[in-house]
Amino acid sequence: MPLTGRHLLGLAWFTAFVLIPAAASAQHLLPQPGPALTEQISGTSVLLQAVSPVDERVVWVSGHGGTFTRTLDGGGTWKAGVVAGADTLQFRDVHGVDASTAYLLSAGPGELSRIYKTTDGGSSWALQFTNREPRGFYDCIDFWSPQRGMAFSDAVDGRLLVIRTRDGGETWTPILRNRLPGALPGEGGFAASGTCLVTRDEGNAWIVTGAGGEARVFQTRDGGESWVVVSTPIVSGTATSGAMTIAFYDERHGIVAGGELRDAESRNDNVAVTADGGRTWTLVGRPVITGATYCIAYVPGRGPSTVVAVGPKGMDYSTDNGVRWTNVSRENYWSVGFASGRTGWAVGPGGRITRIDFP
């Protein structure tokens, strides 16, 4: 299989970063109105690739080597673990439900793509799904509720593979392929940060793709029964470029980002916004950090205009919905997420977890 951007993320980037030591604890106060960044002791040194804050105290994080870690006290302490029998897997997405319940998605070709669930805080994990399609490569997972969720894979035979559950993962059912728009040659998701799929209330879901000649957004408004797909102005045209991350503040206001993986110094058109639920997308400003943006997230406690973007070159934030950006860190991050307030978390290589507090 040709080497694509998502496989570069899983292999070359992992080799480069997994040996970086875990971050030490320290606090760096930044000028107002920027956030305060507090480095955490994560309990692991692996590449951490996805984060799911349940609230400002309970946060789940996932990474390579079958690793997960969780805090119950807002980052005061973290408890890391490895899923039994999964120490070779790359958990590139995580969805936390509460302090006891979470889902993990491992990404990789064929049977390396799996879904696990815990209901006892990570003491044990049940294997819920194993991908049996050798050409499949699952990228992201998200949930409308603790019972209703969706996951998707890169395209196989001209269509994305999309599965969903309505019973908390007891069963995962494929969506009929004729309900999905046709895929472009090579099209798929970038399993970088666990944010290439996002769901919202009332059955809304959006999937972002690249590597197929265009950066596109697949959208459903009825829980996967029907779909439309639109192009975005994000840089594309190579197997290593396109849209990599998407976030929605509400059902109308959203933001998408990505870039070109092979050029860490590039300054391409890589952020676009929508005000009509994803029907149309408009380019906004380029972040200060160069290269691809792996993850973008709204800060819910500050309204629909404050967003944080992260990538291997650092962390930026914007208070005008992506028009202008301010850099706050040059550390390497892969994912960022916020709970219901102004507190969020960014994760990356070497077991890096950083708490983000906006004033």
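Residues numbered from 1 in each chain as written. Predicted model: local features only at pLDDT ≥ 70, side-chain atom pairs only at ≥ 80, totals over all residues. Heavy atoms only, no water.

Peer 1: Looking at this structure, I do not really get the confidence of the model for the chain. What am I missing?
Peer 2: Segments scoring low in pLDDT should not have their predicted coordinates read at a detailed level. Residues of the chain with pLDDT of at least 70 account for 91%, and the chain-wide mean is 92. When the criterion is pLDDT under 50, residues 1–32 qualifies, and its contacts beyond four places in sequence or with other chains add up to 76 contacts. (pLDDT = per-residue confidence, 0-100. Contact = heavy atoms within 4.5 Å.)

Peer 1: How should the pairing of strand E19 (residues 241–248) be read in this particular structure?
Peer 2: Put simply, side chains in a regular strand alternate between the two faces of the sheet. Burial analysis of E19 places eight of its eight residues in the buried class, the great majority of the element. Across seven bridges, the pairing between E19 and strand E20 (residues 254–260) is antiparallel. Looking across to E20, one finds that Ser241 is bridged to Glu260. Here E19 hands over to E20 after five residues, the two strands then running antiparallel side by side. (Buried < 20%, exposed > 50% of the residue type's maximum accessible area, 1.4 Å probe, protein only. Helix = DSSP H or I, 4+ residues; strand = E, 2+ residues; numbered from the N terminus. Pairing = 2+ DSSP bridges.)

Peer 1: Help me understand the packing of aromatic side chains, please; the structure alone is not making it clear to me.
Peer 2: When we look at a pair of aromatic rings, we describe it by the centre distance and by the angle of the planes. By the definition in use, this model includes 14 aromatic pairs. For the pair Phe91 and Tyr116, a centre-to-centre distance of 5.7 Å together with 85° between the ring planes defines the contact as edge-to-face. Taken as a pair, Phe91 in strand E7 (residues 91–96) and Tyr116 in strand E9 (residues 114–118) lie far apart in primary sequence, 25 residues in all. Judged by relative accessible area, Phe91 falls into the buried class, the value being 0%. Among the aromatic residues, those joined into a ring-pair cluster are Trp60, Phe68 and Trp125. The residue whose ring lies beneath Arg148 is Trp144, and the NZ or CZ to ring-centre distance is 4.7 Å. (Phe/Tyr/Trp six-rings, centres within 6.5 Å; stacked < 30°, edge-to-face > 60°. Lys NZ or Arg CZ within 6 Å of the ring centre and 35° of its normal.)

Peer 1: It is not clear to me how the state of the cysteines should be interpreted in this structure. Could you clarify?
Peer 2: Such a bond, covalent and formed between the sulfur atoms of two cysteines, is termed a disulfide. Inspection of every chain in the model, using the stated rule, returns one disulfide. Note that Cys140 is cross-linked by a disulfide to Cys196, the S-S spacing being 2.2 Å. Between Cys140 and Cys196 the disulfide shows an S-S torsion of about 105°. By sign, it is right-handed. Separated by 56 residues along the polypeptide, Cys140 in strand E11 (residues 138–143) and Cys196 in the loop between strand E14 (173–174) and strand E15 (197–200) bring together distant segments of the chain. Judged by relative accessible area, which is 0%, Cys140 ranks as buried. Overall, the relative accessible area of 0% leaves Cys196 in the buried class. Cys295 takes part in no disulfide bond, and the closest cysteine sulfur to it belongs to Cys140, at a distance of 9.4 Å. (Disulfide = S-S within 2.5 Å.)

Peer 1: Even after reading the chapter, I still don't get the pattern of salt bridges, so can you show me in this structure?
Peer 2: Two side chains with opposite charge may pair up if their charged atoms get near one another. The full count for this structure, using the stated rule, is 12 salt bridges. A salt bridge links Asp269 to Arg286; its shortest N-O distance comes to 3.0 Å. Taken together, the positions of Asp269 in the loop between E20 and strand E21 (271–274) and Arg286 in the loop between strand E22 (282–283) and strand E23 (295–298) put the pair 17 residues apart, joining distant regions of the chain. The network of salt bridges with shared partners includes Arg164, Arg166, Arg179 and Glu225. (Salt bridge = Lys/Arg side-chain N within 4 Å of Asp/Glu carboxyl O.)

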